[in-house]
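Next come the chains, spelled out residue by residue.
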Amino acid sequence: MNYPDRRVFRLLILLLDLCALVGAFHLAVETRLGLNAFYGYQMTRDVVDLLTPPLGLILLLWIPMSRWVSLYRPRRGGILAGSAGQIVESVAAVAMLTILATFFIRSFGAGFSRTFVVFFSAYSMATLMAARLILWAALGWCQKRGYAQERIAIVGAGPDTKALAEHFESAGGLGLTLCGVIAAGPESAAGALGNPVPVLGTIEEVGALINRHRLDRIIAVAGEIDRMGLQRLAATCTRMGVPLNRLPFHAEVQAARLRVHEIGELSLLEVRGMQFTPAQEFIKRVFDIAAGSLMLMAAAPVMALLATAIKMTSRGPVLYLAPRTGRGGRHFPFYKFRSMVLGAEERRGELIGRNEKDGHLFKIKDDPRLTAVGRLMRRYSLDELPQLLNVLKGDMSLVGPRPLPASDLDQDGLSREHSFWAQERTRVLPGVTGPWQVRGRSDLGFEEMIRLDVAYVRDWSVWGDVAILARTLPAVLKGKGAC
């Protein structure tokens, strides 16, 4: 089996976290001793040991506490998804454990070192984050070389099977290999040939297929396999120790958030629309302000050069301001460096027949309205740099679905033709970059852009934003898909 059991990953994360806590503890002790010059009370190592809880007790209590608060529960998007939330929860647990251990071991907090708790909590955040990054990098290294890949197959033959197969084939970084599809029977095998992956066989031979293709997981699509077939499939998978998952809804409902709700002895799926929690919004906004400010300072010299070049080579303002659709469908002034000649919007009508995109997109590869400087800026997305000001204002985020021109959508900022997509993408702030930009930019079709927008909102995490930002620069430097 190529893919290690998820319990192994959770155990590995737990061991790395314990090592991180050991490192943070010793760093906090050394920091407090090093700050003696700034405190009236001079501490020795013996005094520090007296005023801090035993490290062994903290590590021992960490194991049941982490289980109690479900720190290592599976997260949407994979074993490492939601790491930012885990770290915040872990740091809160560290501070609580330290205070509780001190109160009960050191005469109910007598002589309690508050500075140690502050240092320990701060260092814990850094070391726990470093442990996650190490594990993330190691897992990525293994997956690139064909290790730690979960080998899966899909049972079904209809359009939902095809859509799911296309999703797995196009989505990178999931740590899986889609081996193919398994037809419900010989009569449906022919219908499955339209899928982007091969037909492995039928459900009657699933046991042999598991051995032949070394399958680690099987996913059955609802509505494409009858109850008896599902029961036989479950029995075989259980006997051979292969997890069986069932896709319960069609793709549009799958984009919503699902959770299990218990009523009596029944387990029911609860479907909720996608939206960020207040904690997620706070984390994302803090990240935008901090990272956006640094990016703006770094880009300031380049922006000054571009502004000078625009002013010297063509008539008109340096910045192009236009209404774009933001969160909730509200319009906001969108900043870009002007890349076209004056009066470009008035000429759009005569070029509508040359539009190379469908849906709510208007793109022309060799747009005659572009200036010489504008063509260069468009190729490397330099005209987008002023949107860092939109980020600091709160109109946009660094990462999110790209804002579309207000004129391309309905007056309420939505779309009657693509209502589900329009409503879901307006739940979050639009982004300077996003999943479109790292997956092909303007080369993507409109339907693929819809799928990426919905998937971004559903699977959002801080690490996901960092990954998109890291992949944006290489994508832009290649200039592929630029219009």
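Residues numbered from 1 in each chain as written. Predicted model: local features only at pLDDT ≥ 70, side-chain atom pairs only at ≥ 80, totals over all residues. Heavy atoms only, no water.

Novice: Please explain the overall build of the chain as it appears in this structure.
Specialist: Regarding its fold elements, the chain presents 17 helices and eleven strands. The 483 residues of the chain split such that 47% are buried. A separation of at least 24 residues holds for 70% of the contacts in the chain among residues at least 6 apart in sequence. For the chain, the exposed surface amounts to about 24,600 Å²; the carbon and sulfur share of it is 62%. (Helix = DSSP H or I, 4+ residues; strand = E, 2+ residues; numbered from the N terminus. Buried < 20%, exposed > 50% of the residue type's maximum accessible area, 1.4 Å probe, protein only. Contact = heavy atoms within 4.5 Å. Areas by Shrake-Rupley, 256 points an atom, 1.4 Å probe, with all protein chains shown as cover.)

Novice: How do you make sense of the sheet that holds strand E2 (residues 176-183) when you look at a structure like this?
Specialist: Strand pairing in a sheet relies on backbone hydrogen bonds, with the paired strands running either antiparallel or parallel. Across the sheet, which stays open at both edges, the five strands sit in the order E3-E2-E1-E4-E5 with parallel pairing between neighbours. Strands with a single pairing partner mark the edges of an open sheet, and in this sheet they are strand E3 (199-202) and strand E5 (244-247). In this sheet, neighbouring strand axes are inclined to one another by 30 degrees on average, regardless of whether the strands run parallel or antiparallel. Note that strand E1 (residues 150-155) and strand E4 (residues 217-221) share four bridges and pair parallel. Bridged to Ala 153 within E4 is Ile 218. The sheet strands contacting helix H8 (residues 206-213) are E1, E2, E3 and E4, and the helix crosses E3 at an angle near 150 degrees. (Pairing = 2+ DSSP bridges. Axes fitted to C-alpha atoms, helices over the stretch in contact; angles between N-to-C directions.)

Novice: What exactly am I supposed to notice about the nonpolar core here?
Specialist: Note on soluble globular proteins: their nonpolar side chains tend to be buried together. Ranked by size, the top nonpolar core spans 25 residues in total, and within it Met 303, Phe 337, Met 377, Leu 385, Met 396, Leu 398 and Tyr 456 carry the most contacts. Looking at this core, the elements with two or more residues in it are helix H11 (278-313), strand E9 (331-337), helix H12 (372-379), helix H13 (387-393), strand E10 (397-399), helix H16 (446-458) and helix H17 (462-478). Ranked by residues supplied to this core, first place goes to H11 with six residues. Those residues in contact with Phe 337, other than ones at most four positions away along the chain, are Met 303, Leu 306, Ala 307, Ile 310, Val 318, Leu 319, Tyr 320, Met 377, Leu 382, Asp 383, Leu 385 and Pro 386. One finds Val 29, Leu 51, Trp 62 and Met 65 within the second-largest nonpolar core, a separate group that totals 22 residues. (Core = buried A, V, L, I, M, F, W, Y, C linked by side-chain atoms within 4.5 Å.)

Novice: How should helix H3 (residues 55-68) be read in this particular structure?
Specialist: An α-helical turn contains 3.6 residues, so any two residues separated by three or four positions project in the same direction. Compared with an ideal rise of 1.5 Å per residue, which puts 14 residues at 20 Å, H3 spans 20 Å between its outermost C-alpha atoms and is within 8% of the ideal. The largest bend along H3 measures about 30 degrees and falls at Trp 62, with the proline Pro 64 one to four residues further on. Along H3, the residues that are buried comprise Leu 55, Ile 58, Leu 59, Trp 62, Met 65 and Ser 66. (Expected span 1.5 Å × (residues − 1). Bend = angle between axes of the 7 residues up to and from the residue.)

Novice: Got a minute to help me understand the packing of H8 against helix H9 (residues 227-240) in this structure?
Specialist: Remark: H8 packs on H9, axes separated minimally by 9 Å, with the N-to-C direction vectors making an angle of 40 degrees. With respect to H9, the axis of H8 lies oblique. Judged by the twist between their axes, the crossing of H8 over H9 is right-handed. On H9, the residues that touch Val 206, Gly 207, Ile 210 and Asn 211 of H8 are Leu 233, Thr 236 and Met 240. Of the residues contributing to the contact of H8 with H9, the split by class is four nonpolar, three polar and no charged. (Parallel < 35°, antiparallel > 145°, perpendicular 65-115°, else oblique. Left-handed = near helix turned anticlockwise from the far one by under 90°. Nonpolar A, V, L, I, M, F, W, Y, C, P; charged D, E, K, R; others polar.)

Novice: Where do I start with the pattern of salt bridges in this structure?
Specialist: Any two side chains of opposite charge can pair, given that their charged atoms come close. One pass over the full model with this rule turns up eight salt bridges. The salt bridge partner of Asp 383 is Arg 378, with a shortest N-O separation of 3.4 Å. By relative accessible area, Asp 383 is classed as buried at 1%. Owing to a relative accessible area of 18%, Arg 378 belongs among the buried residues under this scheme. When the shortest N-O distance is used, the salt bridge between Glu 384 and Arg 402 registers 3.0 Å. Remark: Arg 402 occurs in the loop between E10 and helix H14 (419-425) and Glu 384 occurs in the loop between H12 and H13; sequence separation between them is 18 residues. Residues joined in a network through salt bridges with shared partners are Lys 336, Arg 378, Asp 383, Glu 384 and Arg 402. (Salt bridge = Lys/Arg side-chain N within 4 Å of Asp/Glu carboxyl O.)

Novice: Help me out: how do you make sense of the packing of aromatic side chains in this one?
Specialist: Each pair of aromatic rings is reported with the distance of its centres and the angle of its planes. Summed over all chains, the structure comprises two aromatic pairs. Ring geometry for Phe 25 and Phe 120: centres 5.6 Å apart, planes at 85 degrees, overall edge-to-face. A residue pair is termed long-range when its members are at least 10 positions apart, and Phe 25 in helix H1 (residues 6-34) and Phe 120 in helix H5 (residues 114-144) qualify at 95 residues. Comparing Phe 25 with Phe 120, the two get one shared label, buried. With 6.4 Å between their ring centres and 70 degrees between their planes, Phe 332 and Phe 334 make a pair best called edge-to-face. Judged by relative accessible area, Phe 334 falls into the buried class, the value being 0%. (Phe/Tyr/Trp six-rings, centres within 6.5 Å; stacked < 30°, edge-to-face > 60°.)

Novice: Explain H17 to me, please; I cannot follow it from the model alone.
Specialist: Taking 1.5 Å per residue, 17 residues should reach 24 Å; H17 reaches 25 Å between its end C-alpha atoms and fits that length. At Thr 472, H17 is bent by approximately 25 degrees, the largest bend along its length, and proline Pro 474 sits one to four residues beyond. Every buried residue of H17 is accounted for by Val 462, Trp 463, Asp 465, Ile 468, Thr 472, Ala 475 and Val 476.

Novice: Help me out: how do you make sense of the confidence of the model for the chain in this one?
Specialist: Regions with low pLDDT should not have their predicted coordinates read in detail. On average, the chain scores 76 in pLDDT, and the residues at 70 or more come to 71%. Considering only residues more than four positions removed or in separate chains, one finds that residues 76-82, a stretch of pLDDT under 50, has 17 contacts. Confidence drops under a pLDDT of 50 for residues 251-255, and excluding neighbours within four residues, the segment shows eleven contacts in the predicted structure. (pLDDT = per-residue confidence, 0-100.)

Novice: Help me understand the environment of Arg 285 in this model?
Specialist: Note that Arg 285 resides in helix H11. Judged by relative accessible area, Arg 285 falls into the partly exposed class, the value being 25%. Sequence spacing of Arg 285 and Val 391 is 106 residues, and the spatial spacing of their C-alpha atoms is 9.1 Å. Setting aside residues up to four positions removed in sequence, Arg 285 forms contacts with Val 391, Leu 392, Lys 393, Gly 394 and Met 396.

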